[in-house]
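Structural features, examined
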Amino acid sequence: MDPRVQQFMAMIRAKNPGENEFHQAVQEVAESLIPYIDENPRYKHAKILERIAEPERTIIFRVPWLDDKGEIQINRGYRIEMNSAIGPYKGGLRLHPTVNLGILKFLAFEQVFKNSLTTLPMGGGKGGSDFDPKGKSDNEVMRFCQSFMSELFRHIGADTDIPAGDIGVGGREIGYLFGQYKRLKNEFTGVLTGKGIEWGGSLIRPEATGYGATYFAQEMLSTRGESLTGKVVCISGSGNVAQFATEKVTEMGGKVVTLSDSNGFIYDPRGIDKEKLKFVMELKNTRRGRINEYAEKYGVEYFEGKRPWSIKCDIAMPNATQNEINEEEAKMLVKNGCICISEGANMPSTPDAVEVFLKSKILYGPGKAANAGGVATSGLEMTQNSMRLPWSREEVDEKLQVIMKNIHNTCVKYGTKEDGFINYVDGANIGGFVKVANAMIAQGVV
Ligand code: NDP
Ligand code: 2IT
C-alpha cells in the first residue's frame, strides 16, 4: 500500500475504532485522492481530506416505542451530518438490525461524493436505526417512526437536512415520518424526499435508483460499442432498487435472471418479465414475503443461503447491501464472462473484489456514481417542492437521464488512464471531491 495512504488510514482507524465499513469507504477514496492531492497542494494545505473524513455533526438518540403487546422497546437512532459545503445535508435513513455508527458513517461519507457528482446543490448525510421492520405490524412501524421523528425533527429542515429512504425505509415509513414532522413543526415543507405523489412527492423518485443504475450501465457499455440489448443480467436484492433495475433492464432489451433477499436467490433462466416482476412487487411491497415464493410460483430453482454471483451473466447489478460480492465471487463473475458491474447498492463489492474488477479491466461502475440517480431525483423533488409545482414523469425521467450522462462524463474526465481504460473508481472519487473541496476552501476553516 502507498505509505501516504497507510499513514492516513492509521489516523482514521485510531480516531474511529471498530468502524470497519467506515475505514473501508475512506480507504478506497484516499487511494484515489492522495495522489491527486499531492499534485494539487492547495487541498493538502487546507487539510481537506482530514476534514472531509470527520462528520460535521453526529447525533445519537434513544427511540423508545410500545409494541402491539404493550411492551416497551428501545432502539437507537442516528443522524450523521457529514458535510454541508455545497448544500444542506442530504441522504437516506436505514432501518435494519445491523445498523451501527460505522455503517452510517460509511454511508454518509459516500453520500458526500455521490451528491456532488449529481451536479445538484446537496451536502451529505445519513441516518437510521437498528430497528428491524421485518415482522412488525404497520402500527408498530408507525409508532417507531413517530418516536424516531420526535427527536430527529429538531435537527432537520428543508434548508438544513433532508432525509429520505434506504434499506427498510420506503413510502410507508416516509409517510409516518413526514406526518409526525408536520405535526411537531406545524409546517408543510419538503423536509423529506420519497414522499407520496399526493403530498409533495416526485414522479420517478421510487424508480430513480434502479433506473439510474441501468442508465449508467448503458453509458458504460456504450464506451465499448455495446448495449443492454440481449444481455443476461444478474441482480441481487428484491427491494426498491432491484425491482426498478429489473423493470428498466427488461425495457431496454436485457434479460434479468436472478433476484435475492437475505435468505437466498432465485434463478429464472427465461427471464423475469413484466408480469413476474409485478408478482415480486406485490410479494415484497404489500405482503412482505420471502423471494423463495417466486420459485414455488414459477417453478424455478431457489438457492437457500446463497448469493447469485455464480450464475453466468454479461452484467451484474448488486442491489442489496454492502460487501455482498467478495473476491472469490468477483473472480467467478469475470471468469463466466461478465463485462459490466453497475452497483445499485452502496459499497456492495469488497476491496478485494474491486481489485479483481479493475485488474480485469471490465466496466466497473461504483455505487457512488452508478446509484446516484436516487438522490439526484430526491434533489429534483426538492426543486419541485420549492417551486410548489410538480413536473411530469417524462420531465423528471429526462432530467434523470441527463444527470446520469453527466456523472458518466465526470468519471471519464477524471478516471481515464493513459492506456484509455476508464477507472470509474478514481473518476467518481476525484470528480465528486473537487467541487466539495473548492467550496470548503472558499468557506474558510469551518
Ligand atoms: P430495500 O429495503 O427496499 O431492499 C433491500 C434488499 O436487499 C432486500 O431484498 C433485502 O432482503 C436485501 N438485503 C438487505 N440487507 C441485506 C443483507 N444484510 N444481506 C442480504 N440481503 C440484504 O432497500 P433498497 O432497495 O432501497 O436498498 C438496496 C441498496 O441500495 C442499499 O445498499 C441502499 O443503500 C442502496 N441505495 C438505495 C437507494 C434508494 O433510493 N432506495 C439509493 C441509492 C442506494 P431482505 O428483505 O431479506 O432484508
Ligand atoms: O444511498 C442513497 O443515495 C439513498 N439512499 C438515497 C438518498 C436520498 O436522499 O434520496
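Residues numbered from 1 in each chain as written. Chains lettered and ligands numbered in written order. Predicted model: local features only at pLDDT ≥ 70, side-chain atom pairs only at ≥ 80, totals over all residues. Heavy atoms only, no water.

Here we take up the packing of aromatic side chains. Here the structure, examined in full by the defined rule, presents 18 aromatic pairs. Centre to centre, the rings of Trp65 and Phe131 are 5.3 Å apart; their planes meet at 80°, and the pair counts as edge-to-face. Pair noted here: Trp65 is in strand 1 (residues 57-66) and Phe131 is in the loop between strand 4 (124-129) and helix 6 (138-152), with a separation of 66 residues, a long-range link. A network of ring pairs unites the aromatic residues Phe61, Trp65, Phe131, Phe144 and Phe148 as a single cluster. Above the face of the Phe22 ring, Lys105 is positioned so that its terminal group lies 4.7 Å from the ring centre. Geometry around Tyr211 places Lys248 over its ring, the cationic atom sitting 4.3 Å from the centre. (Phe/Tyr/Trp six-rings, centres within 6.5 Å; stacked < 30°, edge-to-face > 60°. Helix = DSSP H or I, 4+ residues; strand = E, 2+ residues; numbered from the N terminus. Lys NZ or Arg CZ within 6 Å of the ring centre and 35° of its normal.)

Residues Phe216, Ile235, Leu259, Ile266, Tyr294, Met317 and Ile407 are the most contacted members of the largest nonpolar core, which totals 54 residues. In terms of residues, this core owes the most to one element, helix 8 (residues 205-222), which gives eight residues. Those residues in contact with Tyr294 that lie beyond four places of it in its chain are Ile266, Asp268, Gly271, Ile272, Lys276, Phe279, Val280, Gly299 and Val300. (Core = buried A, V, L, I, M, F, W, Y, C linked by side-chain atoms within 4.5 Å. Buried < 20%, exposed > 50% of the residue type's maximum accessible area, 1.4 Å probe, protein only. Contact = heavy atoms within 4.5 Å.)

Interhelical geometry of helix 5 (residues 101-117) versus helix 17 (residues 424-442) gives an angle of 80° and a closest axis separation of 8 Å. Classified by the angle between their axes, helix 5 and helix 17 sit roughly perpendicular to one another. On helix 17, the residues that touch Val112, Phe113, Ser116 and Leu117 of helix 5 are Ala428, Asn429, Gly431, Gly432, Phe433, Lys435 and Val436. Its residues placed into classes, the contact of helix 5 with helix 17 shows six nonpolar, four polar and one charged. (Axes fitted to C-alpha atoms, helices over the stretch in contact; angles between N-to-C directions. Parallel < 35°, antiparallel > 145°, perpendicular 65-115°, else oblique. Nonpolar A, V, L, I, M, F, W, Y, C, P; charged D, E, K, R; others polar.)

Before going further, it helps to spend a moment on the packing of helix 16 (residues 393-415) against helix 17. Two numbers describe how helix 16 lies on helix 17: the axes approach to 7 Å, and their chain directions differ by 100°. As the angle between them shows, helix 16 and helix 17 are arranged roughly perpendicular. For the pair helix 16 and helix 17, contact is made by His408, Thr410, Cys411, Tyr414 and Gly415 and by Tyr424, Asp426, Gly427, Ala428, Ile430, Gly431 and Val434, respectively.

The next point concerns the pattern of salt bridges. Inspection of every chain in the model, using the stated rule, returns 29 salt bridges. For Glu173, the salt bridge is made with Arg172, and the minimal N-O distance between the two is 2.9 Å. For the pair Glu173 and Arg172, one class covers both residues: buried. A salt bridge links Glu251 to Lys248, with the shortest nitrogen-to-oxygen separation between them at 2.9 Å. Of the two residues, Glu251 and Lys248 are both situated in helix 9 (residues 240-251); the distance of three residues between them amounts to about one turn of the helix. (Salt bridge = Lys/Arg side-chain N within 4 Å of Asp/Glu carboxyl O.)

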